[in-house]
Amino acid sequence: MDTFIFSILSVVAVTNIILGGIIFSRGLKVFSNILFGLIALTAAIWSIAIVGFYSEQFGGAINWVLFTHTAAILISSFFLAFSVNFPQKLPNRNYIISISAIVTFLLVFFIFFSDYIVGNTENNTYFIGIAYSVYAFFISIFFISGFLFLWEQLKLSNDSNQKKQIKYIFVGTLISSVLAIIPDLILPYFNIFQFTWLGPIFTLIMVVSLFLAMLKYRLFNIKVVLTEVISVLIVMALLVELLLAQTPTEILLKSVVLAIVTVFSFLLIKSVIKEVAQRENIEKLAIELQKANDRLKDLDKQKSEFVSFATHQLRAPLTAMKGYASLILEGDLGNISEEIRNAISRIFNSSETLTHIVDDYLNISRIELGTMKYTFENLDLRELVDDVIAELKPNIEKSETKLSFIVDRQKKFLVRADKDKFKQIIANIIDNSVKYTKAGIVTVKLDKIDNIKILLSIKDNGIGIAPEIMPRLFAKFSRADNANKKNIHGTGLGLFVAKEIVNAHRGRIWAESEGEGKGSIFFVELEGGE
Ligand code: ADP
């Protein structure tokens, strides 16, 4: 016999014994473990029997053909029993196992004690008995029934990992059985015997796939499996090489190479498994993060809805407070003393501040809920700024800040904008400049750029803005330290709302400042209308 085939078969036999031993060691209480062990052991015996069959020394001593044929029928019937028991025991199938056991027993009996199935001849051949087709028929039936039961297992299982296990076994055994049946069952029928040694080698595919499925050893990741298969193939090839070695130096060299490659393969597999595990972990975390994110978005929406509802409820009483305060201040309810006038005017101012705050919150919740509505109209921005300044006048006069508005009154500054919203944001920016300047100068300027764009700038010489604040100046709740320290009250929402509104007008808003204490300029740029 070819030493090469001899070496391969030896390695296959040893591998089968090792794999069978590993599963056996996991406990014999589980029936599928026993069945796997038996399959692996029978496959090993098959390899050994083929070696014996072809070997010069033992060729005639034992009737090896009987063993090779017994191995094939045993493997098919063990597989059938395995498919009924793995991963779960299928109910009411015991009778099938019993029938297959009896048939197997009978076939083995006839293999050993008659020439009906096979008979030995010399010269590495054997003859086919008259009942050979019965034998071949049962092997095929056992395999086919095994596949049908695996299919049933697949349908019954609702665990995705288990399904993968079953698919592994299904595919591995299918490839293996089809490949092995050709040289060992079909070709001998036509008196072609020289390829029977392929049978046990192909069976290894089945044994390995069963083994991996049973160990659930990260088998579900194709990358890991490929690394394992390729590493094992390389190690096995080197092992065969070693067995074929002739001289001591060759043996030594090949052993060293084998040892090194084995160690590196082991390390490689370990690192691939680690990498895959990490990736799986990350994927799991990403899913959890997504869920948490969805939940947060949901909560955020609920919060916006709540704020919107609450601020709506606050508006009505505030309007009433402001209305009555102004009635009293204007003397409509009779004369009042100076003391009362001061007190009422504080009430009026506070409720006005509160109205602005409520408006800001209302706008924020509208922005977040996406329910902000705009009614665009053609308007002259100069008139709008004039109106805003007129409305702010009482406040400005109370402060120690002077405000001037520089504009070419011959020109028109037509834009398409939502009047109320624009008024609100310009008022906010001018109000900020006054508020953050205390005593100084605020200059409002309206210009045209290239006759297309309209630029409104509001310049002050107040507390200024530190460079590190700039990037988040227009963010929600953003308030600079210098604003807080100076005890100037605010919510940090005005500029956020302003940016949203200007963006909705396809305009630009930005601020410039040389730093703290050096004043600031706020710009709003819009496309000019006709
Ligand atoms: P609020 O004024 O209610 O705090 P805003 O959104 O209108 O909120 O302004 C955000 C922050 O930007 C303010 O807290 C302040 O730190 C800074 N800021 C706005 N305008 C000026 C300005 N003219 N000068 C200096 N800092 C300003």
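Residues numbered from 1 in each chain as written. Predicted model: local features only at pLDDT ≥ 70, side-chain atom pairs only at ≥ 80, totals over all residues. Heavy atoms only, no water.

K.L.:
Residues and numbers for empty space enclosed by the protein, please.
P.N.:
Counted according to the given criterion, the structure contains 2 cavities of 30 Å³ or more. The volume enclosed by the largest cavity comes to roughly 150 Å³. W46, A72, F143, A180 and I181 are, among the 15 residues lining the largest cavity, the residues nearest its centre. Counting only elements with at least two residues in the lining of the largest cavity, the list comes to α3 (64-85), α5 (132-156), α6 (160-186) and α7 (198-215). Looking at which element gives the most residues to the lining of the largest cavity, the answer is α6, with 7 residues. Residue composition of the lining of the largest cavity, grouped by class: 9 nonpolar, 5 polar and 1 charged. (1 Å grid on protein atoms, 1.4 Å probe; cavity = no way out; pocket = protein on both sides within 12 Å on 5 of 7 lines; lining within 4 Å. Points joined across faces, edges and corners; volume = space filled by probe spheres on them. Helix = DSSP H or I, 4+ residues; strand = E, 2+ residues; numbered from the N terminus. Nonpolar A, V, L, I, M, F, W, Y, C, P; charged D, E, K, R; others polar.)

K.L.:
Explain the domain arrangement of the protein chain to me, and be specific about the residues and the numbers.
P.N.:
Here the domain parsing of the protein chain yields domain 1 (3-217), domain 2 (300-369) and domain 3 (376-527). Taken together, the 9 residues of domain 2 in the interface contact 10 residues of domain 3. Here domain 2 and domain 3 share an interface that buries about 870 Å² over both sides, 61% of which is from carbon and sulfur atoms. Considering only the side of domain 2, the residues that lose the most area to domain 3 are D360, I364 and I367, jointly responsible for 50% of the buried surface there. Summed over the shared surface of domain 2 and domain 3, the number is 1 salt bridge. Close ionic contact of K476 with E368 constitutes a salt bridge, the shortest N to O distance being 2.2 Å. Along the contact surface separating domain 2 from domain 3 lie 2 residue pairs in polar contact (both at pLDDT 80 or more). For the side of domain 2 that touches domain 3, the residue count by class is 4 nonpolar, 2 polar and 3 charged. (Domains from an automatic or database assignment. Contact = heavy atoms within 4.5 Å. Buried area = accessible area lost by both parts, 1.4 Å probe. Salt bridge = Lys/Arg side-chain N within 4 Å of Asp/Glu carboxyl O. Polar contact = N/O pair within 3.5 Å; in protein donor to acceptor, adjacent residues only side chain to side chain.)

K.L.:
Please give an account of the pairing of strand β8 (residues 508-513) that cites residues and values.
P.N.:
The sheet contact formed by β8 and strand β9 (residues 520-527) spans 6 bridges and is antiparallel. Directly across from S513, in β9, lies its bridge partner S520. If you look at the hairpin formed by β8 and β9, you'll find 6 residues sitting between the two strands, and G515 has a positive phi there, around 135°. (Pairing = 2+ DSSP bridges.)

K.L.:
Residue-level account of α6, with values.
P.N.:
Between the first and last C-alpha of α6 there are 37 Å, a value that for 27 residues agrees with the 39 Å anticipated at 1.5 Å per step. At A180, α6 shows its largest kink, close to 30°, and the proline P183 lies no more than four residues downstream. On its buried side, α6 packs onto α2 (31-54), α3, α5 and α7. Measuring from the backbone nitrogen of N161 back to the side-chain oxygen at the start of α6 gives 2.8 Å, which picks out D159 as the cap. (Expected span 1.5 Å × (residues − 1). Bend = angle between axes of the 7 residues up to and from the residue.)

K.L.:
Please give an account of the nonpolar core that cites residues and values.
P.N.:
Membership of the largest hydrophobic core comes to 67 residues, with the highest contact counts inside it found for F36, I39, I73, F82, V118, Y135 and I169. Elements supplying a minimum of two residues to this core: α1 (3-25), α2, α3, α4 (94-113), α5, α6, α7 and α8 (222-244). Considering each element in turn, this core owes the most residues, 13 residues, to α3. Here I39 is in contact with I75, F78, F79, F82, M206, V207 and L210, once residues within four sequence places are set aside. The next biggest cluster of nonpolar side chains, apart from the first, holds 47 residues, and it includes L379, L384, I469 and F474. (Core = buried A, V, L, I, M, F, W, Y, C linked by side-chain atoms within 4.5 Å. Buried < 20%, exposed > 50% of the residue type's maximum accessible area, 1.4 Å probe, protein only.)

K.L.:
Got a sec to walk through the pattern of salt bridges? Specific residues and values, please.
P.N.:
One pass over the structure, following the stated rule, counts 14 salt bridges. For R93, the salt bridge goes to E152, with nearest N and O atoms at 2.6 Å. Note that R93 is positioned in the loop between α3 and α4 and E152 in helix α5, a separation of 59 residues in sequence. Since its relative accessible area comes to 18%, R93 is described here as buried.

K.L.:
Go over the side chain of S114 with me, naming the residues and quoting the values.
P.N.:
Within the secondary structure, S114 is located in the loop between α4 and β1 (118-120). Judged by relative accessible area, which is 15%, S114 ranks as buried. There is a polar contact of 2.6 Å between the side chain of S114 and the backbone oxygen of F110. A polar contact is formed between the side chain of S114 and the backbone nitrogen of Y116, at a distance of 3.1 Å.

K.L.:
Could you give an account of the layout of surface pockets, with specific residues and numbers?
P.N.:
In this structure, the second largest pocket encloses a volume near 1300 Å³. Looking at the second largest pocket, it is lined by 37 residues, and the ones nearest its centre are T15, V208, E228, V232 and M236. Take the lining of the second largest pocket: its biggest share by element is 10 residues, from α8. Residues of the lining of the second largest pocket, tallied by class, amount to 29 nonpolar, 6 polar and 2 charged.

K.L.:
Describe the packing of aromatic side chains, with residues and values.
P.N.:
Summed over the entire model, instances satisfying the criterion amount to 22 aromatic pairs. Ring plane angle 45° and centroid distance 5.1 Å describe the contact between F109 and F113, whose orientation is recorded as tilted. Residue F109 and its partner F113 are both found in helix α4; the two are separated by 4 residues, about one turn of the helix. We classify F109 as partly exposed; its relative accessible area is 40%. (Phe/Tyr/Trp six-rings, centres within 6.5 Å; stacked < 30°, edge-to-face > 60°.)

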